[in-house]
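# Descriptive structure summary
Read off the chains here:
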Amino acid sequence: SNESSLAPDTFILTGIPAMEQLHVWISVPFCGLYLAAVLANGALLLAVWAEPSLHQPMYLLLCLLALADLTLSTTAVPRALALFWFRAGEISFGACLTQMFFLHFACPVESVILLAMAFDRFVAICFPLRYGAVLSVRAVGRAGLAAVLRGLGAILPCVLLLQCLRFCGPRAIARTYCEHTATHVAITRLACADTWYGLLLPFALGALDLLLIAVSYAFILLAVCRLPSWPARSKALHTCGSHLCVLLLFYVRAAFAALAQRFGHGIAPNVHILLANLYVLLPPLLNPILYGVRTRQIRDRALKVFTGP
């Protein structure tokens, strides 16, 4: 297993170092959080689908965000639970790349969706009379297609590069799944040569999206300041509150994960791995809750879905 090879047949996921005896206990909150995230996002998707009045750009973009969140968590958590429960640590090279592909694919897709949501708020507040003409169901479909295409463009070259690299050292990966923690591919640490591609490209794409979002909110703040009364300003800002919370959750988490993965050599390995699992659990759980609690239409429809008319 220590010999150089172009593509190893399998990798071994080792789980959380020094905590192997606690794997079963650790799996309990992980499983609970995952089921809660699936339930919350499923309820949101069902509420929007069942209520024709919610078939509007803002809510359809929220559905795209929920699908991206479900992709992120479902790609990683079942694999981690299989390791915790059944010690199924062996994973083929192809399956490892596939899992890593979907994990990294979901991040730029979610970033584009958040940018589209910022544009939605910009048009709604700055040009309310033109909202229906600028944003439509077709426009949301184009935004979703653009998100998918950019996600493919971001990760496919990286996956192809990894297939061409020669791997050295043991096949063990100190993770619970083959992950690309926001920016850096974990298994490139096993390659004979390191690559900065996995760090630079997601940073560049995320920075561009964040810059455009900042510009959108700068115009939003200018428009809000021109409103004649405080109640009108408060109402306008309230419509942006959920989106701002989701933005902070996504970009702060991504930046911390990227820096910790690349430069956090003083952080204990088990802390790295626990955080890597929380990265794919907490945002998919909190995003629909933030929107569900703050958006009355979604909250009321979700209650009707579970309690009946």
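Residues numbered from 1 in each chain as written. Predicted model: local features only at pLDDT ≥ 70, side-chain atom pairs only at ≥ 80, totals over all residues. Heavy atoms only, no water.

## Here's the deal with the overall build of the protein
Along its length, the protein carries ten helices and five strands. Classification of the 309 residues of the protein by burial places 49% in the buried group. Long-range contacts, defined here as pairs at least 24 residues apart, represent 82% of the contacts in the protein between residues at least 6 apart. Working note: accessible area of the protein is about 14900 Å², and carbon and sulfur atoms make up 72% of it. (Helix = DSSP H or I, 4+ residues; strand = E, 2+ residues; numbered from the N terminus. Buried < 20%, exposed > 50% of the residue type's maximum accessible area, 1.4 Å probe, protein only. Contact = heavy atoms within 4.5 Å. Areas by Shrake-Rupley, 256 points an atom, 1.4 Å probe, with all protein chains shown as cover.)

## Some remarks on the pattern of salt bridges
A complete count under the given rule lists two salt bridges for this structure. The salt bridge partner of Asp120 is Arg121, with a shortest N-O separation of 2.7 Å. Since its relative accessible area comes to 1%, Asp120 is described here as buried. Asp209 is paired through a salt bridge with Arg150; the nearest N and O atoms lie 2.4 Å apart. Here Asp209 is found in helix H6 (residues 197-225), whereas its partner Arg150 is found in helix H5 (residues 137-164), with 59 residues between them in sequence. (Salt bridge = Lys/Arg side-chain N within 4 Å of Asp/Glu carboxyl O.)

## Here's the deal with the state of the cysteines
Each disulfide consists of a covalent bond between the sulfur atoms of two cysteine residues. One pass over the full model with this rule turns up one disulfide. Through a disulfide, Cys96 is tied to Cys178; the S-S separation comes to 1.8 Å. A torsion of -110° about the S-S bond marks the disulfide between Cys96 and Cys178 as left-handed. Of this pair, Cys96 sits in helix H3 (residues 93-126) while Cys178 sits in the loop between strand E3 (172-173) and strand E4 (180-181), placing them 82 residues apart in sequence. Judged by relative accessible area, which is 1%, Cys178 ranks as buried. A disulfide-free cysteine, Cys126 has its sulfur positioned 9.0 Å from the sulfur of Cys240, the nearest such atom. For Cys126, a relative accessible area of 21% puts it in the partly exposed group. (Disulfide = S-S within 2.5 Å.)

## What to know about the UniProt feature "transmembrane region" (unreviewed entry) in the protein
Taking the UniProt record as the reference, the feature "transmembrane region" (unreviewed entry) is found at residues 24-50, 56-77, 143-162, 203-224, 236-259 and 271-293. Strand forms 0% of residues 143-162 and helix 100%; the C-alpha atoms that close the span are 29 Å apart. Overall, residues 203-224 shows 100% helix and 0% strand. The separation of its end C-alpha atoms is 31 Å. (UniProt positions renumbered as here; feature names shortened; annotations may be inferred.)

## Things to note about the packing of helix H2 (residues 57-86) against helix H9 (residues 282-294)
The interhelical angle for the contact between H2 and H9, taken along N-to-C directions, is 160°, at an axis separation of 9 Å. The orientation of H2 relative to H9 falls into the category roughly antiparallel. Every pair of crossing elements has a handedness; the one defined by H2 and H9 is left-handed. Across the interface between the two elements, Leu62, Leu65, Asp69, Leu72 and Ser73 of H2 pack against Pro283, Pro284, Asn287 and Tyr291 of H9. The residue inventory of the contact of H2 with H9, partitioned by class, reads six nonpolar, two polar and one charged. (Axes fitted to C-alpha atoms, helices over the stretch in contact; angles between N-to-C directions. Parallel < 35°, antiparallel > 145°, perpendicular 65-115°, else oblique. Left-handed = near helix turned anticlockwise from the far one by under 90°. Nonpolar A, V, L, I, M, F, W, Y, C, P; charged D, E, K, R; others polar.)

## Digging into the sheet that holds strand E2 (residues 90-92)
If you trace the three strands from one edge of the open sheet to the other, you get E2-E1-E3, paired in mixed fashion. On the outer flanks of this sheet lie E2 and E3, each paired with one strand and no other. Two strands pair when backbone bridges link them, and strand E1 (residues 10-13) and E2 are joined in this way by three bridges, in the antiparallel orientation. Within the sheet, the bridge partner assigned to Phe11 lies in E2 and is Ile91. Here H3 sits on the sheet and contacts E1, E2 and E3; the angle it forms with E2, its principal contact strand, is near 85°. (Pairing = 2+ DSSP bridges.)

## What about the packing of aromatic side chains?
The geometry of two aromatic rings is summed up by the distance between their centres and the angle between their planes. Under the defined criterion, the tally for this structure stands at nine aromatic pairs. Their ring planes at 80° and their centres at 6.3 Å tell us that Trp85 and Phe86 sit as a pair that is edge-to-face. When the ring of Phe101 is compared with that of Phe105, the centres are 5.7 Å apart and the planes differ by 15°; the resulting orientation is stacked. Of the two residues, Phe101 and Phe105 are both situated in helix H3; the distance of four residues between them amounts to about one turn of the helix. (Phe/Tyr/Trp six-rings, centres within 6.5 Å; stacked < 30°, edge-to-face > 60°.)

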